[in-house]
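These are the residues of each chain, in order.
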Protein chains: 4
Amino acid sequence: MLPSKKRLAHIVFESDDKASKRFDVFLLVFILLSVFIVVLDSVSEIHHQYGRYLYAAEWFFTLVFTGEYVLRIWLSYDKRGYVFGFYGLVDLLAILPTYISLFFFASQYLTVIRALRFLRILRILKLTEYVKEAVILKNALRQSRLKIQIFLGSVLTIVLVMGSLMYIVEGPDHGFTSIPRSMYWAIVTLTTVGYGDIAPETEFGQFLASLIMLTGYAIIAVPTGIVSSELTAAKQKTIASMKRRICHHCQVQDHELDANYCRSCGNPLD
Amino acid sequence: MLPSKKRLAHIVFESDDKASKRFDVFLLVFILLSVFIVVLDSVSEIHHQYGRYLYAAEWFFTLVFTGEYVLRIWLSYDKRGYVFGFYGLVDLLAILPTYISLFFFASQYLTVIRALRFLRILRILKLTEYVKEAVILKNALRQSRLKIQIFLGSVLTIVLVMGSLMYIVEGPDHGFTSIPRSMYWAIVTLTTVGYGDIAPETEFGQFLASLIMLTGYAIIAVPTGIVSSELTAAKQKTIASMKRRICHHCQVQDHELDANYCRSCGNPLD
Amino acid sequence: MLPSKKRLAHIVFESDDKASKRFDVFLLVFILLSVFIVVLDSVSEIHHQYGRYLYAAEWFFTLVFTGEYVLRIWLSYDKRGYVFGFYGLVDLLAILPTYISLFFFASQYLTVIRALRFLRILRILKLTEYVKEAVILKNALRQSRLKIQIFLGSVLTIVLVMGSLMYIVEGPDHGFTSIPRSMYWAIVTLTTVGYGDIAPETEFGQFLASLIMLTGYAIIAVPTGIVSSELTAAKQKTIASMKRRICHHCQVQDHELDANYCRSCGNPLD
Amino acid sequence: MLPSKKRLAHIVFESDDKASKRFDVFLLVFILLSVFIVVLDSVSEIHHQYGRYLYAAEWFFTLVFTGEYVLRIWLSYDKRGYVFGFYGLVDLLAILPTYISLFFFASQYLTVIRALRFLRILRILKLTEYVKEAVILKNALRQSRLKIQIFLGSVLTIVLVMGSLMYIVEGPDHGFTSIPRSMYWAIVTLTTVGYGDIAPETEFGQFLASLIMLTGYAIIAVPTGIVSSELTAAKQKTIASMKRRICHHCQVQDHELDANYCRSCGNPLD
């Protein structure tokens, strides 16, 4: 017995009962496996030895995702909205490369597009408990948007000025062949990544580099401090709203954070 | 005069009097020494020169730990629970490699298993003042479990997408031989480790790498902010509970944090 | 119809109506473009191929900025204050190098001075919403000035002592050719940049380096903690002042943070 | 007219009037200069060219510090306490190496001991406004002593276990020649320094290294969070004590943080 179209739409788009949750889990596993195959196929030894099996699996997943894509269009109320929306385009990009490779040479550019399938996981996450926490994180970041912009502006100023200085001080002989390259070095240094592919060799260059490193050390504190203070404020707001809970039976307020029962009448709290 | 079995079990399993504490200290020293020998033995010069002495010491510790293992089984009420539990298995793994090396060639794989002896220290720490603080840290991490999962998910998405992009942009000629290797590079960069074994060489690759570094710089703030806000909340809870202390003599509340005596009646506080 | 001198001064120096804002945006775009040209011109391939066009653009921007400089002098009340102030000198440095290159060989030193044009952006930012947030950040940093000085002092002490030690332990054969170079290495290590251009090779050197790294790991926490606590305090002050808002109609206080209307009389809050 | 012995002791040991402050400043400059000479002298080009002048300066500073040392002994009430105390020993170590170099060959080991002169600066700092802030920082670190020990213990466990694993997985051929060296690599990686002198080359090794890096990324949050929460608590304690200020004229309490005058009677607050 086939489910009705309405029931099917519920299974595909929601995730609040057994069948729809199972659908999400299947989809998650299929996405992860198909991305895993793309990643594996890029290793040349594996490609040479198991390329044929991976190619078969690739087609299997493409056909499954194509079926899912057609199903989603059929089930959508707002078909145009789905097809041209973010998720619709990601779904299309997830299957298109394999079909294109039929007609054109399967270049590695198509590989990367296939890796974008991973973004489809976002849809599944949309429907879970993660959303509430993600909202807190996003709010914290949005609240500190201006502070972070100022911070990034300062970083870019330091990068430009220091990059230009090091271009003069060290020069092309020591790898600082142009200002953009010097700026790349400044970013590598300021973020404490430090590849060492370009490194100052003159005494004065090393002195300047030391300055920029200590600066980096000091200003790494700023974004962390910004996010910390926002999250602390968010946390305290949550705690305050926990304390403000009112017992529905006796109207007593001001319960402990971990209280599950009203301290006055003993009835359970929300 | 030998101690009774009950007394012996107390010495071995508890740590609240002189004898049982001394047992823990001895065990700690023995574990550290035996791990130290394993570590030393892996240095080839030391192995060649002092290998015989280290081998003898190895057998000494193995026999001591074997005795302890048998003792623990004998003293346990729930023998099966001990033998197949985490600590029982770690205790067995701590002695087995040496016996196996009698019959088979002593490969370096056995060395590593012996290094797991270090995990036995966890049992001793279980019985100290560290537990309370460790619980606070663990709670802070557990409370922010969801936030940290979201964070790790974002990191992995960035790593996959950026790794795939750099695989295309830089290609095998510059060390980005496959997507897994590109992802390894992305993790090395995002975590600001930056070995420099693989580094972008094209202009566009360096530009993309700069973006991923600045991203890394920005999101390193997130986990720190999460843990900071949780620990700040935990700290404030402790402070609040300190303030809520009640004098057992006059029932006065709301004492200063560092108060040892009641400000009203002068009697000592808990 | 030309605007009056007073109106012109308003457009140039303020940014609170349409014309003056448009002036700022134009200036911002011109500064960014002119810096971009300086950066591009330092790439030797681009210099060889498009050098003539970049040279022309350079003169175009120089003439525009010269016009702006003259305009600013003419419009200023305090002409001497402007010319010898920070912004006046930056404005002069932004145009001088191109004129000097007419008489002298255009060395790369002039390039860097031209890159300082970027600092002119600071003036435009001065007039925006960023100021309030920047003040909070600056206050947080100023409040923790003493703590940060102590911190930097400790870092320099560690760098000097550790640098001297490593100079002895590793010596010139392993790249530690002098104490200043050893100190450079210590800074590279302590800030977790880690180029790898100089790295310890002896066992004892690696042990000492491990110590300095773990120290670095521990003290990286200090500046972050300082800034976090200051920003948290600033945040709470803002929240407290939000809560203290008084309804102008019924004088009720103590509103929720996100309240836009008085909970007592329903009139809008400030 | 020479100052009395009591006056001289005041100048040397205190720093609360003009003469004693000037003494401190002179001493600070002399210490910095003498350390600077030690650092310069280690650069071989400078040593060969200006070695004679540096040697002369070295003797000048040694004689000055010798005079100061004798003066301090003469002026101390508790002579034995000074000579065998921390500062007395540092003062002795600051002058001894130069005298020793008269009789023995001036080895570079003596150089490092001379660099310890820098520690004498601690005495001068002892007498300033920095002490209060340093106490707050020290308290924050002491309060979180247990948490930091647990943290360091976890780090060492990870370093030992991961170091042993990588020793097996990568082996001597890829630079992981012994467990101590592997542990050095693990510390370099976990602290995100990442020299790149040793780097994993096998696929599985790179996978393990990725795990340890992400772990490092996660646990770098812990010490920062600990210090942040302690400093936030300290900050709030300061704020609370500011608020508790009582006006000495009208006994009104609960003033704003930045209040300098009593809001009730207008008299200045402490």
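Small disclaimer: the values here were computed from a predicted structure and weren't measured. (Residues numbered from 1 in each chain as written. Chains lettered and ligands numbered in written order. Predicted model: local features only at pLDDT ≥ 70, side-chain atom pairs only at ≥ 80, totals over all residues. Heavy atoms only, no water.)

Per the secondary structure count, chain A includes 12 helices and zero strands. A globule of 270 residues ought to have a C-alpha radius of gyration of about 18 Å, yet chain A, at 27 Å, is considerably larger. Based on the C-alpha atoms only, the size of chain A along its principal axes is roughly 75 × 70 × 35 Å. Split into buried and exposed, the 270 residues of chain A put 44% on the buried side. (Helix = DSSP H or I, 4+ residues; strand = E, 2+ residues; numbered from the N terminus. Rg over C-alpha atoms; globule rule 2.2 N^0.38 Å. Buried < 20%, exposed > 50% of the residue type's maximum accessible area, 1.4 Å probe, protein only.)

The subject of this paragraph is the relation of the copies chain D and chain B. At an RMSD of 0.2 Å, chain D and chain B line up after a rotation of 90° and a shift of 0.1 Å along the axis. What the superposition gives is, in effect, a four-fold axis relating one chain to the other. A distinct binding surface is used by each copy, with only 18% of the interface residues of chain D retained as interface residues in chain B. (Least-squares fit on C-alpha atoms with pLDDT ≥ 70 in both. Contact = heavy atoms within 4.5 Å.)

Opposite the 45 residues of chain D that make contact, chain B presents 44 residues. Summed over both partners, the interface of chain D with chain B comes to about 4,100 Å²; 71% of that surface belongs to carbon and sulfur atoms. Per-residue buried area on chain D facing chain B is highest for Ile-168, Met-213 and Tyr-217 of chain D; these three make up 18% of the total on that side. Counting across the interface, chain D meets chain B through zero salt bridges. One can count three residue pairs in polar contact (both at pLDDT 80 or more) joining chain D with chain B. Of the residues forming the side of chain D that touches chain B, the biggest block, 11 residues, is contributed by helix α12 (residues 221-243) of chain D. Residue composition of the side of chain D that touches chain B, by class: 23 nonpolar, 18 polar and four charged. (Buried area = accessible area lost by both parts, 1.4 Å probe. Salt bridge = Lys/Arg side-chain N within 4 Å of Asp/Glu carboxyl O. Polar contact = N/O pair within 3.5 Å; in protein donor to acceptor, adjacent residues only side chain to side chain. Nonpolar A, V, L, I, M, F, W, Y, C, P; charged D, E, K, R; others polar.)

Residues and elements named next belong to chain A. UniProt's feature table lists "transmembrane region" (unreviewed entry) at residues 25-43, 55-75, 95-116, 148-169 and 207-227, given in the numbering used throughout. Helix makes up 100% of residues 55-75 and strand makes up 0%, while its end C-alpha atoms are separated by 30 Å. Between the end C-alpha atoms of residues 207-227 the distance is 32 Å, and the span holds 95% helix and 0% strand. (UniProt positions renumbered as here; feature names shortened; annotations may be inferred.)

What follows deals with the packing of aromatic side chains. One pass over the full model with this rule turns up 39 aromatic pairs over all chains. Look at Trp-59 of chain C and Tyr-99 of chain C: their rings are 5.5 Å apart centre to centre, the planes differ by 75°, and that puts the pair in the edge-to-face class. Residue Trp-59 of chain C is found in helix α3 (residues 44-75), and its partner Tyr-99 of chain C is found in helix α5 (residues 86-103); the two are separated by 40 residues along the sequence. Classification of Tyr-99 of chain C by relative accessible area gives partly exposed; the value is 26%. Pairwise contacts between aromatic rings join Phe-26, Phe-30, Phe-60, Phe-61 and Phe-65 of chain A into one cluster. Geometry around Trp-74 of chain A places Lys-5 of chain A over its ring, the cationic atom sitting 5.1 Å from the centre. (Phe/Tyr/Trp six-rings, centres within 6.5 Å; stacked < 30°, edge-to-face > 60°. Lys NZ or Arg CZ within 6 Å of the ring centre and 35° of its normal.)

Counting residues in each nonpolar core, the largest one holds 146 residues, and the members touching the most others are Trp-185 of chain A, Trp-185 of chain B, Trp-185 of chain C together with Trp-185 of chain D. In this view, Trp-185 of chain B contacts Tyr-195 of chain A together with Met-166, Phe-176, Ile-198, Ala-199, Pro-200, Ala-209 and Ile-212 of chain B; residues no more than four positions away in its chain are not counted. Leu-160 of chain A together with Phe-61, Val-112 and Ile-121 of chain C belong to the second largest nonpolar core, which has 19 residues in total. (Core = buried A, V, L, I, M, F, W, Y, C linked by side-chain atoms within 4.5 Å.)

Between chain B and chain A, the contact holds 46 residues from the first and 45 residues from the second. Between chain B and chain A, a total of about 4,100 Å² is buried, with carbon and sulfur atoms accounting for 71% of that surface. Looking only at chain B, the three residues that lose the most surface to chain A are Ile-168, Met-213 and Tyr-217 of chain B, adding up to 18% of its buried area. In this structure, the connection of chain B to chain A is made through three residue pairs in polar contact (both at pLDDT 80 or more). Sorting the residues of the side of chain B that touches chain A by element identifies α9 (145-169), α10 (179-190), α11 (203-219) and α12 (221-243) of chain B as the ones contributing at least two each. Tallied by class, the residues present in the side of chain B that touches chain A amount to 24 nonpolar, 18 polar and four charged.

Let us now look at the side chain of Thr-62 of chain B. Secondary-structure assignment places Thr-62 of chain B in helix α3 (residues 44-75). With sequence-adjacent residues up to four places away left out, Thr-62 of chain B is seen in contact with Ile-95, Thr-98, Tyr-99 and Arg-117 of chain B.

Turning next to a nonpolar patch on the surface. Residue and element names in this part refer to chain A. A cluster of nonpolar side chains, namely Tyr-55, Leu-96, Ile-100, Leu-102, Phe-103 and Phe-104, defines an oily patch on the protein surface of about 660 Å² accessible area. Top contributing element to the nonpolar patch by residue count: helix α5 (residues 86-103), with four residues. Inspection of the secondary structure assignment puts Leu-102 in helix α5. (Patch = residues over 30% accessible without salt bridge, like charges linked within 9 Å, V, L, I, M, F, W, Y side chains within 5 Å. Areas by Shrake-Rupley, 256 points an atom, 1.4 Å probe, with all protein chains shown as cover.)

We now examine empty space enclosed by the protein. For the coordinates displayed, the defined rule picks out two cavities of 30 Å³ or more. Of the voids in this model, the largest cavity is the one considered here, and its volume is about 150 Å³. In this structure, the largest cavity is lined by 14 residues; those nearest its centre are Ile-220 of chain A, Ile-220 of chain B, Ile-220 of chain C together with Ile-220 and Thr-224 of chain D. For the second largest cavity, the calculated volume is near 40 Å³. Contributing to the lining of the second largest cavity are Ser-228 and Thr-232 of chain A, Ser-228 and Thr-232 of chain B, Ser-228 and Thr-232 of chain C together with Ser-228 and Thr-232 of chain D. Of all the secondary-structure elements, those providing two or more residues to the lining of the second largest cavity are α12 (221-243) of chain A, α12 of chain B, α12 (221-243) of chain C together with α12 of chain D. (1 Å grid on protein atoms, 1.4 Å probe; cavity = no way out; pocket = protein on both sides within 12 Å on 5 of 7 lines; lining within 4 Å. Points joined across faces, edges and corners; volume = space filled by probe spheres on them.)

Turning our attention to the environment of Ser-154 of chain D. Tracing the backbone through its elements, the reader meets Ser-154 of chain D in helix α9 (residues 145-169). Considering only alpha carbons, one finds Ser-154 of chain D and Ile-46 of chain D, 108 residues apart in sequence, at a separation of 46 Å.

With that settled, the discussion passes to the packing of helix α9 (residues 145-169) of chain C against helix α10 (residues 179-190) of chain C. A pair of packed helices is captured by two measures, namely the crossing angle of their axes and the spacing between those axes. All names here are of chain C. Direction vectors running N to C along α9 and α10 enclose 125°, while the axes themselves pass 8 Å from each other. The orientation of α9 relative to α10 falls into the category oblique. Crossing hand, α9 versus α10: right-handed. Mapping the contact onto sequence places Val-155, Ile-158, Val-159, Leu-160, Gly-163, Ser-164, Met-166 and Tyr-167 in α9 and Ile-179, Ser-182, Met-183, Trp-185, Ala-186, Ile-187 and Leu-190 in α10. (Axes fitted to C-alpha atoms, helices over the stretch in contact; angles between N-to-C directions. Parallel < 35°, antiparallel > 145°, perpendicular 65-115°, else oblique. Left-handed = near helix turned anticlockwise from the far one by under 90°.)

The phi torsion at Thr-192 of chain A lies on the positive side, around 60°, for a residue other than glycine. Within the secondary structure layout, Thr-192 of chain A lies in the loop between α10 (179-190) and α11 (203-219).

Residue and element names in this part refer to chain C. According to the stated counting rule, one finds eight salt bridges over all chains in the structure shown. As a salt-bridge pair, Arg-7 and Asp-17 come within 3.2 Å of each other at their nearest N and O atoms. Here Asp-17 lies in the loop between α1 (5-13) and α2 (18-41) and Arg-7 lies in helix α1, a separation of 10 residues in the sequence. Judged by relative accessible area, Arg-7 falls into the partly exposed class, the value being 32%. A salt bridge links Glu-68 to Arg-72; the shortest N-O distance between them is 2.7 Å. Of this pair, Glu-68 and Arg-72 both sit in helix α3, four residues apart, roughly one helical turn. Judged on exposure class, the residue Glu-68 and its partner Arg-72 are both buried.

Residue and element names in this part refer to chain A. When the pLDDT values of chain A are averaged, the result is 81; 92% of them are 70 or greater. Put simply, helix α7 (residues 121-125) is where chain A has its lowest mean pLDDT, 70, and α10 is where it has its highest, 91. Interface confidence for the predicted complex, given as ipTM, is 0.80, next to a pTM of 0.83. (pLDDT = per-residue confidence, 0-100.)

Turning our eyes to something else, we now look at the side chain of Ser-42 of chain D. Tracing the backbone shows Ser-42 of chain D in the loop between α2 (18-41) and α3 (44-75). Look at Ser-42 of chain D and you get buried, because its relative accessible area is 6%. Those residues in contact with Ser-42 of chain D, other than ones at most four positions away along the chain, are Tyr-167, Thr-177, Ser-178, Ile-179 and Pro-180 of chain C.

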